[in-house]
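Listed here are the chains, written in short residue letters.
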Amino acid sequence: MLIVADENIPLLDSFFGDIGEIRRVPGRTMSAEDVRDADVLLVRSVTRVGAELLEGSRVRFVGTSTIGTDHIDQDWLKDRGIAFSAAPGCNANSVAEYVLSVLLLHAERQGLDDWTNLSVGIVGVGNVGKKVAHKLERLGFDVHLCDPPRSEDPGDQDAERFESLSDVLKCDVVSLHTPLTRDARHATWHMIGSAELAGLNASQLLISAGRGEVIDCTALSERLDQAGAPVVALDVWEPEPAIEPELLTKVWLATPHIAGYSLEGKVQGTEIVYQALSRFLGLPVRKKSGQFLPEPALNKVSFTSSADEGDALRVALLSCYDPRRDDARMRAAIKGNAKERAEAFDLLRRDYPVRRECSSLKVQLKGTSKSLQDSFRTIGFKLKI
Ligand SMILES: NC(=O)c1ccc[n+]([C@@H]2O[C@H](COP(=O)([O-])OP(=O)(O)OC[C@H]3O[C@@H](n4cnc5c(N)ncnc54)[C@H](O)[C@@H]3O)[C@@H](O)[C@H]2O)c1
Ligand SMILES: O=C(O)[C@H](O)[C@H](O)COP(=O)(O)O
């Protein structure tokens with residue numbers, strides 16, 4: 001069996017080596033020629049999968065080790081009887097940790113003593129949005145939710161809680177976590193356009209970590225030239241990978257679509273597709289992502305009651321993930337013409353440094369308050385009291 005796979009999928013040999021022969025190809029330029037003889041195709045979000053790629057091939061199973069599926073023509077796969085699996089939720093916790101770190105840095109920049117004084121509006125309350133909301137609510141933030149598709153489901157557990165987009169856009173922070181949809185009843189393509197951006201002010205932070213095209217980035221660039229523009233943290237861009245250098249200079253925090261790039265998130269993406277392929281082939285599911293995760297470089301930190309409690313949380317969170325490092329790398333790398341910028345963006349992602357989630361860090365707290373201990377647990381750290 002021939003498995004053609006995006007070379008950026010981690011642990012291909014460990015998960016799939018005993019299922020078939022693996023041929024690695026660059027995802028961005030994967031062609032019909034590359035996949036013609038494949039039985040199984042494994043991609044990430046940069047490969048468009050549909051008739052153009054697969055017509056004439058013998059592929060029977062397509063897996064994407066990502067949450068997003070906007071690059072996959074699922075109707076076409078279904079028509080052709082080709083099995084499909086995405087990796088729902090695989091990197092949701094990684095995105096939630098990105099949002100927490102961004103919030104922490106934003107509060108610091110605003111001179112806030114207590115970051116939980118920020119109200120946070122979450123747009124798109126699925127696997128990612130729910131995780132963000134859960135952590136923030138338990139930390140004591142005032143959280144507002146917007147999810148029109150879910151609000152129309154009378155059986156939805158949060159049905160009473162959902163607010164309109166215009167209400168949620170009044171929060172101190174607005175964090176976007178919707179999929180990219182164009183034909184859906186509540187399509188998200190350019191959902192945040194000039195009208196929505198005009199309503200945001202300089203005291204607000206807009207975070208975008210779903211898909212770039214959810215914001216009209218031309219309108220965003222124009223808004224950022226005007227007085228009273230909001231502060232913006234962009235992880236996803238329109239367009240990718242040849243992002244607009246002017247927009248990069250105008251946003252506060254810029255990252256190259258890596259919110260979900262913790263090692264745990266990426267490996268779980270591979271694991272979920274491995275499970276689906278094994279079930280499709282009638283093979284036992286024996287491997288687990290945990291068995292392949294190495295011991296992290298930093299695995300233990302200790303805080304005593306003498307430390308400022310807010311500081312302890314800050315140090316621990318930013319030592320796991322500090323988005324300013326990605327921001328600096330991105331600003332240094334993105335230059336030149338569109339082709340050079342696209343290559344630089346893809347290289348930042350291909351060569352992304354190992355980033356571990358908070359759950360990989362054992363935290364020892366001595367003589368600290370119960371509320372600090374709860375905050376550490378909520379964020380996801382392993383505690384040793
Ligand atoms: N930046 C990254 O690295 C990264 C990582 C993971 C996922 N993502 C993106 O984030 C998206 C969301 O991930 P998820 O796991 O939460 O997906 P999900 O499918 O579990 O949830 C998406 C939610 O958005 C809601 N939604 C749809 N249209 C909406 C609209 N117009 N307004 C408000 N809400 C709407 C849906 O009802 C659903 O509840 C993915 O589709 C992917 O594109 C990005
Ligand atoms: O949809 C997802 O899971 C994320 O956007 C994911 O991090 C995308 O990563 P890529 O497939 O582009 O490597």
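The structure this text deals with has already been given above.
The following refers to the structure shown.

The rules we used
Residues numbered from 1 in each chain as written. Chains lettered and ligands numbered in written order. Predicted model: local features only at pLDDT ≥ 70, side-chain atom pairs only at ≥ 80, totals over all residues. Buried ≥ 20, exposed ≤ 12 C-beta atoms within 10 Å, placed from the backbone. Helix = DSSP H or I, 4+ residues; strand = E, 2+ residues; numbered from the N terminus. Pairing = 2+ DSSP bridges. Near = placed C-beta within 6 Å. Nonpolar A, V, L, I, M, F, W, Y, C, P; charged D, E, K, R; others polar. Axes fitted to C-alpha atoms, helices over the stretch in contact; angles between N-to-C directions. Contact = placed C-beta atoms within 7 Å.

**Observations regarding the pairing of strand E1 (residues 2-6)**
Phase 1 of the analysis: Within E1, four of the five residues are buried, which leaves it mostly tucked inside the rest of the structure.
Phase 2 of the analysis: For E1 and strand E2 (residues 21-25), the ladder comprises five bridges, and the chain directions are parallel. Residue pairing across strands places Asp-6 opposite Val-25, the latter belonging to E2.
Phase 3 of the analysis: In the sheet, E1 pairs with strand E3 (residues 40-43) via three bridges, with the strands oriented parallel. In the sheet register, Ala-5 faces E3, and the bridge partner there is Leu-42.

**Brief notes about unusual backbone geometry**
Excluding glycine, most residues fall at negative phi; most peptide bonds, likewise, are trans.
Phase 1 of the analysis: Cis peptide bonds are those with omega within 30 degrees of zero, and the linkage from Glu-238 to Pro-239 qualifies with 0°.
Phase 2 of the analysis: Its location among the elements puts Pro-239 in the loop between strand E10 (231-234) and helix H11 (245-250).
Phase 3 of the analysis: Cis rather than trans, the peptide bond between Glu-240 and Pro-241 has omega equal to 0°.
Phase 4 of the analysis: Along the chain, Pro-241 turns up in the loop between E10 and H11.
Phase 5 of the analysis: For Leu-11, which is not glycine, the phi torsion reads 60° and is therefore positive.
Phase 6 of the analysis: The residue Leu-11 is located in the loop between E1 and helix H1 (12-16) in this model.
Phase 7 of the analysis: Given 19 C-beta atoms within a 10 Å radius, Leu-11 is considered partly exposed.
Phase 8 of the analysis: Here His-257, not a glycine, exhibits a phi torsion of approximately 55°, which is positive.
Phase 9 of the analysis: Tracing the sequence through the fold places His-257 in the loop between strand E11 (253-254) and helix H12 (263-281).
Phase 10 of the analysis: For His-257, a count of 22 C-beta atoms within 10 Å puts it in the buried group.

**Digging into the site of ligand 2**
Phase 1 of the analysis: In the vicinity of ligand 2, the residues found are Asn-8, Arg-44, Ser-45, Val-46, Thr-66, Ile-67, Gly-68, Asn-91, His-257, Gly-260 and Tyr-261.
Phase 2 of the analysis: Of the residues in the shell around ligand 2, the class split is three nonpolar, seven polar and one charged.

**As for the sheet that holds strand E12 (residues 300-304)**
Phase 1 of the analysis: Within the open sheet, the three strands sit side by side as E12-E13-E14. Their pairing is parallel. The sheet terminates laterally at E12 and strand E14 (382-384), the two strands that pair on one side only. Across the sheet, the axes of successive neighbouring strands diverge by a mean angle of 25°, strand direction being ignored.
Phase 2 of the analysis: Across five bridges, the pairing between E12 and strand E13 (residues 362-366) is parallel. Across the sheet, residue Lys-300 finds its bridge partner in E13, namely Lys-362.
Phase 3 of the analysis: Along the sheet face, helix H16 (residues 370-379) touches E13 and E14 and points at about 175° away from the line of E13.

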